[in-house]
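# Per-entry structural report
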Amino acid sequence: MRVISVVNTKGGVGKTTLASALAVRAARESKRVAMLDLDPQGSLADWWKRRGGTSNPCIFRGADTATDAIEALKLDGWDWLFIDTPPAFVATIRDAIENADLALIPFKASALDLIASEDAVVMAREADVAHLCVINDAEPRWKTTHSARDYLLAASVPIADSVISHRQAYLAAMTSGKTGPEIEKAQKGQKVSSSEAEVSALWSEVKAVVRKGKRGRQ
């Protein structure tokens, strides 16, 4: 089983929206995709209920930590686990990182978000866990987007080539039980929407990092 922990000590960076979109994308390729909501607010679990309580991806219940969930899910033969973490709960975030194949660190292209993201990067480095920052809710053309990328590259921090854009569809995703790509596809009738293309591109990057990771689980 492969474990992706979506982490940041700062709130409002789009962790839940990104975790749900990637889990749905993974479910197109794997029959057993689980999600774990460690945030006391329960936004990911609520989204899953609005979606209709699907079996793939499915919310895993009965565990308060990543450690406990992973142990149970591995025994049950799941392929992927996406963990949505709360902001500020450092012990919970650290446990999710330490048990991950990849710590995915979304942030918005602002100085405040960059500073806040450093904590998650440090935790991943200390745990020797593969990690990848991704600029979320931004525009590739924005000057702040380029500045954020340059800042991280200068600090030798891995950053995804893919940028998750600022789109109305993503903003509506959590309250609809859908993902941004699903909403945009329905609205515009496109075979492959722009949001679907960028989520798929990020998913390809995630899989590539996991394949190269030192701690991949069988």
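Every residue gets a number counted from 1 within its own chain, in the order that chain's sequence is written. Totals for whole chains, interfaces and linings use every residue, but because this is a predicted model, local features are given only for residues with pLDDT of at least 70 and side-chain atom pairs only at 80 or more, for both listing and counting. Calculated side-chain values reflect all of the structure's heavy atoms, with hydrogen atoms and water omitted.

## Some remarks on the pairing of strand β1 (residues 2-6)
Heads up, the condition is: Note on classification: 1.4 Å probe, protein chains only; a residue is buried when its accessible area is under 20% of the maximum for its type, exposed when over 50%, partly exposed between these limits. In this text, helices come from DSSP runs of H or I with a minimum length of four residues, and strands from runs of E with a minimum of two, each type numbered from the N-terminal end. A pair of strands is considered paired only if DSSP assigns at least 2 bridges between the two.
Within β1, 4 of the 5 residues are buried, which leaves it mostly tucked inside the rest of the structure. Inspection of the sheet shows β1 paired to strand β4 (residues 80-84) by 5 bridges, in the parallel sense. The partner of Arg2 across the bridge, within β4, is Trp80. Here 3 bridges tie β1 to strand β5 (residues 102-107), and the two strands are oriented parallel to one another. Paired with Val6 across the bridge in β5 is Leu104.

## Comments concerning the pattern of salt bridges
As a reminder of what qualifies: Salt bridges, as used here, are contacts in which a Lys or Arg side-chain nitrogen is within 4 Å of a carboxyl oxygen on Asp or Glu.
For the structure on display, the rule yields 10 salt bridges. Between Arg32 and Asp76 there is a salt bridge, with its nearest N and O atoms 3.4 Å apart. Here the residue Arg32 occupies a position in the loop between α1 (15-27) and β2 (33-37), and Asp76 occupies one in the loop between α3 (66-75) and β4, the gap between them amounting to 44 residues. Residue classification places Asp76 among the partly exposed residues on the basis of a relative accessible area of 44%. A salt bridge links Glu184 to Arg167; the nearest nitrogen and oxygen atoms lie 3.8 Å apart. Highlighted residues: Glu184 in helix α8 (residues 180-188) and Arg167 in the loop between β7 (164-165) and α7 (168-176), separated in sequence by 17 residues. Accessibility expressed as a relative area gives 5% for Glu184, which makes it buried. Where salt bridges share partners, they join Arg25, Glu29 and Lys207 into one cluster.

## Let's talk about the environment of Pro40
Basically, it comes down to this: Contact definition: two residues touch when any of their heavy atoms are within 4.5 Å.
Tracing the chain through its elements places Pro40 in the loop between β2 and α2 (43-51). Accessibility expressed as a relative area gives 59% for Pro40, which makes it exposed. Sequence-wise, Pro40 and Asp64 are 24 residues apart; in three dimensions their C-alpha atoms are separated by 9.9 Å. Ignoring anything within four residues of it in the chain, the contact list for Pro40 reads Pro86 and Phe89.

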